[in-house]
Amino acid sequence: MTVKIINNSGHSLPNYETIASAGMDIRANISEPITLEPLGRAIIKTGLFIELPIGYEAQVRPRSGLAAKKGITVLNSPGTIDADYRGEIGVILVNLSNETFVVENGERIAQIIVAKHERAQWQQVEELSDTARGAGGFGSTGVK
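Residues numbered from 1 in each chain as written. Predicted model: local features only at pLDDT ≥ 70, side-chain atom pairs only at ≥ 80, totals over all residues. Heavy atoms only, no water.

## Concerning the sheet that holds strand S4 (residues 41-45)
Point 1. If you walk across this open sheet you meet the three strands as S4-S9-S7, and the pairing is antiparallel. Edge positions in the sheet fall to S4 and strand S7 (72-74), since each has one partner strand and no second. Adjacent strand axes in the sheet meet at a mean angle of 35° when their direction is disregarded.
Point 2. Both S7 and strand S9 (residues 90-95) contribute to a ladder of three bridges, which runs antiparallel. Among the inter-strand pairings, Thr-73 is bridged to a residue of S9, identified as Val-94. (Pairing = 2+ DSSP bridges. Helix = DSSP H or I, 4+ residues; strand = E, 2+ residues; numbered from the N terminus. Axes fitted to C-alpha atoms, helices over the stretch in contact; angles between N-to-C directions.)

So, in structure tokens, the structure goes:
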């Protein structure tokens, strides 16, 4: 599958680091560093614009290393980029650590995953089929 992309960032295009990688790192495209105080958040621009085929989405997800080492994550994870969106990709970063974090131009801030999706059609009914789990929710399938 081919995705059209405009790269106004001056950085290389996102790419897969290994043959089995699902995500591609995306970089900050900012004119000056952005400081994220503890619990602070900011939309970080990337300089990337994409045109996805209908039936696909791009998901913006945290980078595990940045999250584990610095406490920086994507606030609305995963962020969804729809096939009809043509604006610049922005990443909502949040600092969940107790230390100030500075985002630098060109820094790898998130990863992007392109995925196929289905469109659901609702069928309104009066009953749903029974299952062993039933209405058991949060934590109901874990060890007791």
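Moving on from the model shown.
## Side note on the pattern of salt bridges
Point 1. If you walk through the whole model with that rule in mind, you get four salt bridges.
Point 2. Here Arg-108 ties to Asp-25 by a salt bridge, and the two come within 2.9 Å at their closest N and O atoms. One end of the pair, Arg-108, is in strand S11 (residues 108-116); the other, Asp-25, is in strand S2 (residues 24-27), and 83 residues separate them in sequence.
Point 3. Arg-108 gets classed as partly exposed once you look at its relative accessible area, which sits at 34%.
Point 4. According to the relative accessible area criterion, Asp-25 is buried, its value standing at 18%.
Point 5. One salt bridge connects Glu-51 with Arg-86, and the closest N-O pair in it is separated by 4.0 Å. Highlighted residues: Glu-51 in strand S5 (residues 48-51) and Arg-86 in the loop between strand S8 (79-81) and S9, separated in sequence by 35 residues.
Point 6. Take Glu-51: its relative accessible area is 33%, and that puts it in the partly exposed class.
Point 7. Judged by its relative accessible area of 43%, Arg-86 is partly exposed. (Salt bridge = Lys/Arg side-chain N within 4 Å of Asp/Glu carboxyl O. Buried < 20%, exposed > 50% of the residue type's maximum accessible area, 1.4 Å probe, protein only.)

## Regarding the sheet that holds S8
Point 1. Taken in spatial order, the four strands of this open sheet run S2-S11-S6-S8, and their pairing is antiparallel. Bordering the open sheet on either side are S2 and S8, each of which pairs with just one other strand. Averaged over all adjacent pairs, the angle separating strand axes in this sheet is 35°, with direction ignored.
Point 2. When strand S6 (residues 56-61) meets S11, the two strands line up antiparallel, connected through six bridges. Across the sheet, residue Gln-59 finds its bridge partner in S11, namely Ile-113.

## What about the pairing of S6?
Point 1. With respect to burial, S6 is a largely interior element, five of its six residues being buried.
Point 2. Examined bridge by bridge, S6 and S8 share three bridges and lie antiparallel to one another. Bridging from a neighbouring strand, Val-60 pairs with Gly-79 of S8.

## Details of the environment of Asn-76
Point 1. Mapped onto the elements, Asn-76 comes out in the loop between S7 and S8.
Point 2. Here the alpha-carbon distance between Asn-76 and Thr-18, two residues 58 residues apart in the chain, equals 26 Å.

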